[in-house]
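Report on the structure
Chain by chain, the residues run as shown.
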Amino acid sequence: MKSANSILSGYGTTVFEVMSQLARANDAVNLGQGFPDDRGPPDVLQAAADAVLDGPNQYPPMTGLPELRQAVAAHGRRFYGIEADWEREVLVTSGATEALASCLFGLIEPGDEVVLFDPLYDSYLPIVRRAGAIPKLVALSPPAWELPIDRLKAAFSDRTKLLLLNTPMNPAAKVFTREELAVIAGLLEKHDAYAVCDEVYEHIVFDGRRHESLITLPGMRDRCLKIGSAGKTFSLTGWKVGYVTAAPALLQPVMRAHQFLVFTTPPNLQKAVAHGLRSDVAYFDGLARGMEAKRDRLSTGLAKIGFGVLPCEGTYFVNADFRPLGFNGDDVEFCKHITTAAKVAAIPVSALYAEGSVKSYARFCFAKQDAVLDEAVARLGRHFGAAA
Ligand code: PMP
Ligand code: GLN
């Protein structure tokens, strides 16, 4: 048999799938893969149900339903003051994953350099490499996840095509400040580069922080592609509806990639997401406050057991250092151990590092019912002999 593509076949099954399967096999509480376990906003679900029965159910326009593209543009204006022409500057995609792939395939020319922060969401590197780019990784490290400005500067060159930025950042739970974004903006201008901005957790930020979007910084409007995900914003991760906002010259090649990868996205779900994005601001506030309470509930529980719990500024995730528990092994062994022996699944943070030696943190997803979080903490507490 002739060999398959060597880049993609070098990767195994994603850690999210592996850990979810292990969780199912062990009847474990699954705090690994990031997905909420509530039903989602009833009005958005109803809008989808209506649109399944009443239509549209045939191929929608390749770039997305006009009403969703208008809603994305209106959402960008309402929350960030971004003025975007919905007809030329908004594209609907099949989730942020497809948005990322379409941006990367649309913009990268083989031999280009791409700057990425490590740790990173697992789809970035395979697609960057498959598109023919040379990755330039800049490591961030726990516990503070500070932006290493000198190393970031050193990663840029005149061959840099783009930077991939994820804020709020999975798995670091870091929210980039406007000052940090200004440093990045300066480098993009200096090297005439673009930024693909993965902002799927834009509405899941805590403690009175504001999500800052790089595209709103001076000089960045024509350099950034802003990606959002209805999966995260409406707690409906299976829906896979995403959206990209960018200047026409940047979005055009992305649309070319999109038309050959998926062409389009289920129209009934698009209709429901358009409804959701027009929700009152109270919905978006409620999402963040609800998640913040869950973060606190899980963090407190884990800390009582003895984990070294890191601060979490945004996303669904809290990272915990398990060394204080006296576990002898790395994070992959720890996560397998707690899934099989304590019946609670988590993700080893090292699985999301391309390089590096951080091996003592487990990532726990707190986007779960309170009773589920309490059960996970009780199980871990019993296992590690702590009265949580
Ligand atoms: N980017 C990040 C940082 C994520 O955590 C995720 C997944 N949840 C995605 C992209 C993919 O989003 P979607 O499900 O909309 O494809
Ligand atoms: N984004 C989710 C996480 O980080 C998982 C997405 C997936 O399973 N591909 O857990």
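Here the structure is shown first, and the text comes after it.
Residues numbered from 1 in each chain as written. Chains lettered and ligands numbered in written order. Predicted model: local features only at pLDDT ≥ 70, side-chain atom pairs only at ≥ 80, totals over all residues. Heavy atoms only, no water.

A few points about the site of ligand 1
Close to ligand 1 lie Gly 95, Ala 96, Thr 97, Tyr 121, Asn 166, Asn 170, Asp 198, Val 200, Tyr 201, Ser 229, Lys 232 and Lys 240, which account for all nearby residues. Between ligand 1 and Thr 97 there is a distance of 2.6 Å, counted from an oxygen atom to a side-chain nitrogen or oxygen. Side-chain polar atom of Asn 170 to an oxygen atom of ligand 1: 2.9 Å apart, as the coordinates give it. Alone, ligand 1 offers 390 Å² of accessible surface; in the complex the protein occludes 94% of this. Ranked by the residues each element gives to the shell around ligand 1, the list is headed by helix H6 (residues 95-107), at three residues. (Near = heavy atom within 4 Å. Polar contact = N/O pair within 3.5 Å; in protein donor to acceptor, adjacent residues only side chain to side chain. Areas by Shrake-Rupley, 256 points an atom, 1.4 Å probe, with all protein chains shown as cover. Helix = DSSP H or I, 4+ residues; strand = E, 2+ residues; numbered from the N terminus.)

Focus: unusual backbone geometry
Pro 119 follows Asp 118 through a cis peptide bond whose omega is 10°. Counting through the fold element by element, Pro 119 comes out in the loop between strand S3 (113-118) and helix H7 (124-130). Between Thr 167 and Pro 168 the backbone carries a cis peptide bond, its omega angle lying at -15°. For Pro 168, the location among the structural elements is in the loop between strand S5 (160-166) and helix H9 (178-190). Positive phi, normally seen in glycine, also occurs at Trp 145, with a value near 55°. With respect to the element layout, Trp 145 can be found in the loop between strand S4 (134-139) and helix H8 (149-155).

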